[in-house]
Amino acid sequence: MLHKTKQGLVHIENRRSISSITECSKCISCKGGREERRELWRREGENTVTERRICCSRKKRYKQAIKYFKRYTSNMSRPPGRKQDNHKIDWHLPTISSSASAHHMSRELFVLTYGALVAQLCKDYEKDEDVNTCLDRMGYGIGVRLIEDFLARSAVKKCRSYSETAEMIAQVAFKMYLGVTPSVSCTSATGDEFSLILDKNPLVDFVEELPAERASLCYCNLLCGVIRGALEMVHLAAEVTFLQDKLKGDAVTEIGIIFLRKTEDKKHKRNK
Amino acid sequence: MADEALFLLLHSEMVAGLYRAAEQGEGENGRCITKLENMGFRVGQGLIERFTKDTARFKDELDIMKFICKDFWTTVFKKQIDNLRTNHQGIYVLQDNKFRLLTQMSAGKQYLEHAPKYLAFTCGLIRGGLSNLGIKSIVTAEVSTMPACKFQVMIQKM
């Protein structure tokens, strides 16, 4: 096998592995200068000199390779799509505006999608009650799945009372998913009925006003369905409705939660 | 982000709700995909407006497509498009190897016949985004193995 060096092509007789080259004391180019090397070349014959020269130059290359490798991997680890980087795609994209942080954008995506959904439902159904029912049913479907996501993310302990549950919904769940914290108030003496008062409803961010023919449309009825579905999955039957709605001209948006006594009946049956 | 779960759930409920309504109604199945696509169109228009409010003008079509692949996709689906191919004559193929809306459904050939329903909204999203950036296009999608999918964008010269 021919190997290229400064002095031209030389033979490599015994291919030693890199690991076997531990010391360079045998190598001529380390010991002496050029003159010495040439003399040895003439005296000892080609094979011996070749081996030694290759020894030193291979080790130098090996050292260089290690240095390069270390420098290379000491930078941040490359993303898995490195192949694309090798192709040198020149993105040169305009910088993203500071207002478009990912967090706000995903919420805007949700709000816009919800708006498009309500608009489509309004086109499909003529009556407001149908739209409201449809939204509620969709919200129920979302709620039964969302509760698992909520419990997984928040890892909250079991609520011991209805008021604790209402507080949990308002302060943890709303904050986590919509970024707002409604205030909770108990509206009945028995402690079954609560109301969440939202002064800022992110779902209506892009709604100017309800059209005149849709006066009784509950725009955010999905929220009611979500709360109802989520509570049902933790074995709490509840009735959730909108008591006040800013879109309809009221001062604040108010969601009323009435806990029903279903669980108590089940307990009685078990005792029997 | 927690909002991701919300959007995924809302999207699947939307698809289910529309199809349920179609079943109970006259039974026009083709209209559902159109409805979903139109919804996506409207959402895409709005999103791209808010997203590119302060960005500089795009140089050319390819720049816009790269923006969609990188920043827009990252915002909506928290990842970038894995592969962008073009024939430089107005046809772009965006390939996503792990499409967020399909990962929870299956990882293979199961439920392949239901996949197009879940891609219609995203097709509309891309079409709406491009439309508000001044490009008229037709976007179609195909799935061969879930959750990988390809979106084909055909630019229409006006």
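In case you missed it, the structure is sitting above this.
Residues numbered from 1 in each chain as written. Chains lettered and ligands numbered in written order. Predicted model: local features only at pLDDT ≥ 70, side-chain atom pairs only at ≥ 80, totals over all residues. Heavy atoms only, no water.

## Thoughts on helix 3 (residues 61-77) of chain B
Residues and elements named next belong to chain B.
Right, on to step 1. For helix 3, built from 17 residues, the straight-helix expectation of 24 Å at 1.5 Å per residue is met to within 8% by its first-to-last C-alpha distance of 22 Å.
Right, on to step 2. In the structure, helix 3 departs most strongly from a straight axis at isoleucine 68, where the bend amounts to approximately 35°.
Right, on to step 3. Positive phi shows up at lysine 78, right after helix 3, with a value of about 60°. (Helix = DSSP H or I, 4+ residues; strand = E, 2+ residues; numbered from the N terminus. Expected span 1.5 Å × (residues − 1). Bend = angle between axes of the 7 residues up to and from the residue.)

## A short note on helix 5 (residues 115-132) of chain B
Right, on to step 1. With 18 residues, helix 5 of chain B extends 27 Å from end C-alpha to end C-alpha; this agrees with the ideal 26 Å at 1.5 Å per step.
Right, on to step 2. Taken across its 18 residues, helix 5 of chain B has 13 buried, putting it largely inside the fold. (Buried < 20%, exposed > 50% of the residue type's maximum accessible area, 1.4 Å probe, protein only.)

## Here we look at unusual backbone geometry
All names here are of chain B.
Right, on to step 1. Looking along the chain, the bond that leaves methionine 146 and enters proline 147 is cis, with omega of -5°.
Right, on to step 2. Looking at the secondary structure, you find proline 147 in the loop between strand 3 (137-142) and strand 4 (149-155).
Right, on to step 3. Residues other than glycine seldom take positive phi values, yet histidine 88 does so here, at roughly 55°.
Right, on to step 4. Relative to the helices and strands, histidine 88 is located in the loop between strand 1 (83-86) and strand 2 (91-96).
Right, on to step 5. You will see that tyrosine 111, though not glycine, has its phi angle at about 60°, which is positive.
Right, on to step 6. Mapped onto the elements of the fold, tyrosine 111 is located in the loop between helix 4 (100-103) and helix 5.
Right, on to step 7. Accessibility expressed as a relative area gives 41% for tyrosine 111, which makes it partly exposed.

## Comments concerning the side chain of A:Asp136
Residue and element names in this part refer to chain A.
Right, on to step 1. Along the polypeptide, aspartate 136 turns up in helix 6 (residues 128-154).
Right, on to step 2. Within the structure, the side chain of aspartate 136 is placed 3.3 Å from the backbone nitrogen of glycine 225, a separation counted as a polar contact.
Right, on to step 3. If near-sequence neighbours (up to four positions away) are discounted, aspartate 136 is found in contact with Asn221, Cys224, Gly225 and Arg228. (Polar contact = N/O pair within 3.5 Å; in protein donor to acceptor, adjacent residues only side chain to side chain. Contact = heavy atoms within 4.5 Å.)

## A closer look at the environment of B:Val143
Right, on to step 1. Summarising the element assignment, B:Val143 is placed in the loop between strand 3 and strand 4.
Right, on to step 2. It is 7.2 Å that separates the C-alpha atoms of B:Val143 and B:Ala115, two residues lying 28 residues apart in sequence.

## Digging into the side chain of A:Asp192
All names here are of chain A.
Right, on to step 1. Residue position: aspartate 192 is located in the loop between strand 3 (183-186) and strand 4 (193-198).
Right, on to step 2. Residue aspartate 192 is classed as buried on the basis of its relative accessible area of 12%.
Right, on to step 3. Contacts of aspartate 192, omitting those with residues within four sequence positions, involve Tyr162, Ile257, Ile258, Phe259 and Arg261.

## Some thoughts on the pattern of salt bridges
All names here are of chain B.
Right, on to step 1. Enumeration over the complete set of coordinates arrives at 12 salt bridges over all chains.
Right, on to step 2. Note that glutamate 37 is salt-bridged to arginine 127, the shortest N-O span being 3.2 Å. Note that glutamate 37 is positioned in helix 2 (residues 29-51) and arginine 127 in helix 5, a separation of 90 residues in sequence.
Right, on to step 3. The residue lysine 79 makes a salt bridge to aspartate 82 at a minimum N-O spacing of 3.3 Å. (Salt bridge = Lys/Arg side-chain N within 4 Å of Asp/Glu carboxyl O.)

## Observations regarding the sheet that holds strand 1 of chain B
All names here are of chain B.
Right, on to step 1. Read across the open sheet, the four strands follow the order 1-2-4-3; overall the sheet is antiparallel. The sheet terminates laterally at strand 1 and strand 3, the two strands that pair on one side only. Here the average twist between neighbouring strands, direction ignored, is 20°.
Right, on to step 2. Bridge analysis of strand 1 against strand 2 gives four bridges, and the strand direction is antiparallel. (Pairing = 2+ DSSP bridges. Axes fitted to C-alpha atoms, helices over the stretch in contact; angles between N-to-C directions.)

## Structural notes on the state of the cysteines
Right, on to step 1. In total, this model carries zero disulfides over all chains according to the counting rule given.
Right, on to step 2. Residue A:Cys220 stays outside any disulfide, its sulfur separated by 8.4 Å from that of A:Cys224, the closest cysteine.
Right, on to step 3. Residue classification places A:Cys220 among the buried positions, given a relative accessible area of 0%.
Right, on to step 4. Among the cysteines around B:Cys32, which has no disulfide bond, A:Cys134 carries the closest sulfur, lying 12 Å off.
Right, on to step 5. B:Cys32 gets classed as buried once you look at its relative accessible area, which sits at 1%. (Disulfide = S-S within 2.5 Å.)

## Brief notes about the sheet that holds strand 4 of chain A
Residues and elements named next belong to chain A.
Right, on to step 1. Read from one edge of the open sheet, four strands run 3-4-6-5, paired in antiparallel fashion. Looking along the sheet, the strands with just one partner apiece sit at the ends: strand 3 and strand 5 (238-244). Within the sheet, the average angular offset between the axes of one strand and its neighbour, ignoring direction, is 25°.
Right, on to step 2. Pairing analysis gives six bridges linking strand 4 to strand 6 (residues 253-259), with the strands arranged antiparallel. For glutamate 193, the partnering residue across the bridge sits in strand 6 and is isoleucine 258.

## Some details on the environment of A:Ser185
Residues and elements named next belong to chain A.
Right, on to step 1. Relative to the assigned elements, serine 185 resides in strand 3.
Right, on to step 2. The spacing of serine 185 and phenylalanine 206 is 21 residues in sequence and 28 Å in space, taken between C-alpha atoms.
Right, on to step 3. Beyond its immediate sequence surroundings of up to four residues, serine 185 is in contact with Glu193, Phe194, Ser195 and Ile197.

## Remarks on the interface of chain B and chain A
A common way to report how large an interface is uses the accessible area buried once the components associate.
Right, on to step 1. Taken together, the contact between chain B and chain A spans 37 residues of the former and 39 residues of the latter.
Right, on to step 2. Regarding the contact of chain B and chain A, the summed buried area is about 3800 Å², with carbon and sulfur atoms giving 70% of it.
Right, on to step 3. The interface formed by chain B and chain A contains three salt bridges.
Right, on to step 4. A:Glu108 serves as the salt-bridge partner of B:Arg50, at 2.6 Å between the closest nitrogen and oxygen.
Right, on to step 5. Remark: the boundary between chain B and chain A carries three residue pairs in polar contact (both at pLDDT 80 or more). (Buried area = accessible area lost by both parts, 1.4 Å probe.)

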